[in-house]
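# Structure assessment
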Amino acid sequence: MPAQVANGELRKEELKGPGGELTVAVIRTITDADGRAFRAVVAEDHRNVEVSVGEYVRDLAPALIVLAFALMGAFFIQITVGLAPLESLRVAVKNVIAQRTARLDVAAPSEVQPLADEINRLLDAQEKALSRARSRATDLAHGLKTPLQVLSADIRTLRKKGESELADEIEKSTGAIRRHVERELARARLAPGVSGDAACLVREVASGVVAVVKRTPRGKQLSYLIDATEDFMAPVDEGDLSEILGNLVENATRFAKSLVHVSASASAGEVIIKVVDDGPGIPEAALHAALLRGVQLDSKGGGSGLGLAIVSDIVEAYGGRLEMANANSGLAVTIYLPRHG
């Protein structure tokens, strides 16, 4: 029997029907004006309710699935369109990092444009700071050259007076200072922002370097082979490549027995420039030390110990890398420069 319910209140219960079947019933008690209470009960077989619910779910499920896919598509479009300005900003930043451009050249919506403007202002400030720092380094280096020349004259005077020991000590100190000056001058020659659009003909630059080195007493005794096509381009400024090849070819000339080989090739995403000599090479333990500033591995002297370090600085400025290894005969120095675009 259904439980008592307040007057007018609807209550749902599960009851057993006349045949013992489970039913879903809605009960309401009604009291008339004479105070008599009537209980109204409306019941439906539970199985019929389950069938109706099942049919409703089956009819509704396809629509819900379609709605879900439509909402996911709308979300995807919204996110794609909404984040498109950030993607273009990311590409612009990547181009600045890769030194293809110096500024963020991107048309961004009003919500993103202030960020792009702030980044451009930061790049401007950084470029000015780098320019000032390089100018100061150049001024300092040039300012030290004149006193060094005076000291060189004093060293010669001391030797003439028989003060060889004192002259050697002063010459050793001035040599260290001169190496630092030469290194800073070489670093200052690199532009504050190396352009990713820089390019030059490798064979043309290499031929110019070799022509100069051939005029030296040592260069006249050697053969030089340039293995690069006439139109092969390297992603580096012509002056910087001259500095790189000048140091490498000069070093190779000092150690080579008969041949210095300069080659240029390309691989996936890189330009490879290699200078190989047929000299004695470098002991494996000393390969790393050869890149350190002021380290001279040539017992004969005649060098500043800065050549490879300067080359390494220039290559790093272009996002490349330098590797050294002993070849079958001699030393192979390989430069890897990233290709832009």
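Residues numbered from 1 in each chain as written. Predicted model: local features only at pLDDT ≥ 70, side-chain atom pairs only at ≥ 80, totals over all residues. Heavy atoms only, no water.

### Describing the packing of aromatic side chains
Under the definition given, this model contains zero aromatic pairs. In this structure, Arg 321 is placed above the aromatic ring of Tyr 336, and the distance from its NZ or CZ to the ring centre is 4.0 Å. (Phe/Tyr/Trp six-rings, centres within 6.5 Å; stacked < 30°, edge-to-face > 60°. Lys NZ or Arg CZ within 6 Å of the ring centre and 35° of its normal.)

### A short note on the UniProt feature "transmembrane region" (unreviewed entry) in the protein chain
The UniProt feature table records "transmembrane region" (unreviewed entry) at residues 60-84. Between the end C-alpha atoms of residues 60-84 there is a gap of 36 Å, over a span that is 100% helix and 0% strand. (UniProt positions renumbered as here; feature names shortened; annotations may be inferred. Helix = DSSP H or I, 4+ residues; strand = E, 2+ residues; numbered from the N terminus.)

### Examining the pairing of strand E5 (residues 223-227)
Along any regular strand, the residues point their side chains to alternate faces of the sheet. Of the two faces of E5, only the one carrying Tyr 224 and Ile 226 is buried; Ser 223, Leu 225 and Asp 227 on the other face are not. Summarising the sheet, E5 and strand E7 (residues 259-267) pair through five bridges and their orientation is parallel. Following the sheet pairing, Asp 227 is matched in E7 by Ser 263. (Buried < 20%, exposed > 50% of the residue type's maximum accessible area, 1.4 Å probe, protein only. Pairing = 2+ DSSP bridges.)

### Remarks on the sheet that holds strand E8 (residues 270-277)
Pairing within the open sheet is mixed, and its five strands lie in the order E5-E7-E8-E10-E9. Each edge of the open sheet carries a strand with a single partner, namely E5 and strand E9 (321-326). Averaged over all pairs of adjacent strands, the angle between strand axes in this sheet comes to 15°, irrespective of strand direction. Relative to strand E10 (residues 331-338), E8 is paired through seven bridges, and the arrangement is antiparallel. Residue pairing for E10: Ile 273 is matched across the bridge by Ile 335. (Axes fitted to C-alpha atoms, helices over the stretch in contact; angles between N-to-C directions.)

### A few points about the sheet that holds strand E1 (residues 10-16)
The antiparallel open sheet is built from three strands, whose spatial order is E1-E2-E3. Across the chains shown, the open sheet's two edge strands, defined by having one partner strand only, are E1 and strand E3 (37-45). Within the sheet, the average angular offset between the axes of one strand and its neighbour, ignoring direction, is 30°. Both E1 and strand E2 (residues 22-31) contribute to a ladder of seven bridges, which runs antiparallel. Bridging from a neighbouring strand, Leu 15 pairs with Thr 23 of E2.

### Some details on the nonpolar core
Within the largest apolar cluster, 42 residues are counted, with the highest numbers of intra-cluster contacts made by Leu 241, Leu 245, Leu 248, Ile 273, Met 324 and Ile 335. In this structure, Leu 241 is in contact with Cys 200, Val 202, Val 205, Val 236, Gly 246 and Ile 273, ignoring residues within four places of it in sequence. Core analysis: the next-biggest nonpolar cluster, separate from the first, contains nine residues, Val 96, Leu 104, Ala 108 and Leu 123 among them. (Core = buried A, V, L, I, M, F, W, Y, C linked by side-chain atoms within 4.5 Å. Contact = heavy atoms within 4.5 Å.)

### Digging into the packing of helix H5 (residues 238-255) against helix H6 (residues 307-317)
Contact geometry of H5 with H6 gives a least axis separation of 9 Å together with a crossing angle of 150°. Considered as vectors, H5 and H6 are oriented roughly antiparallel to each other. Crossing handedness for the pair H5 and H6: left-handed. For the pair H5 and H6, the contacting residues are Asp 240, Glu 243, Ile 244, Asn 247, Leu 248 and Asn 251 in the first and Gly 307, Leu 308, Ile 310, Val 311, Ile 314 and Val 315 in the second. For the contact of H5 with H6, the per-class residue count stands at seven nonpolar, three polar and two charged. (Parallel < 35°, antiparallel > 145°, perpendicular 65-115°, else oblique. Left-handed = near helix turned anticlockwise from the far one by under 90°. Nonpolar A, V, L, I, M, F, W, Y, C, P; charged D, E, K, R; others polar.)

### Some details on a nonpolar patch on the surface
A cluster of nonpolar side chains, namely Val 53, Tyr 56, Val 57, Leu 60, Leu 64, Leu 67, Leu 71, Phe 75, Ile 79, Leu 83 and Leu 86, defines an oily patch on the protein surface of about 1,000 Å² accessible area. You can see Leu 83 is positioned in helix H1 (residues 46-97). Under the relative-accessibility criterion, Leu 83 is labelled partly exposed at 44%. (Patch = residues over 30% accessible without salt bridge, like charges linked within 9 Å, V, L, I, M, F, W, Y side chains within 5 Å. Areas by Shrake-Rupley, 256 points an atom, 1.4 Å probe, with all protein chains shown as cover. Salt bridge = Lys/Arg side-chain N within 4 Å of Asp/Glu carboxyl O.)

### Quick notes on H6
Where burial is concerned, most of H6 is hidden: nine out of the 11 residues are buried. Within the sequence span of H6, burial applies to Gly 307, Leu 308, Ala 309, Ile 310, Val 311, Ser 312, Asp 313, Ile 314 and Val 315.

### Points about the packing of helix H4 (residues 202-213) against H5
Between H4 and H5, the least distance of the axes is 9 Å, while the angle of their chain directions is 45°. Looking at the two axes, H4 sits oblique to H5. Considering the relative orientation of H4 and H5, their crossing is right-handed. The residues of H5 that touch H4, namely those facing Val 202, Glu 204, Val 205, Ala 206, Val 209 and Val 213, are Glu 238, Leu 241, Ser 242, Leu 245, Gly 246, Val 249 and Thr 253. Here the residues of the contact of H4 with H5 are counted per class, giving eight nonpolar, three polar and two charged.

### Some remarks on the environment of Gly 281
By secondary structure assignment, the location of Gly 281 is in the loop between E8 and H6. The sequence separation of Gly 281 and Leu 331 amounts to 50 residues, and the corresponding C-alpha distance is 4.6 Å. Beyond its immediate stretch of four places on either side in the chain, Gly 281 contacts Asn 326, Gly 330 and Leu 331.

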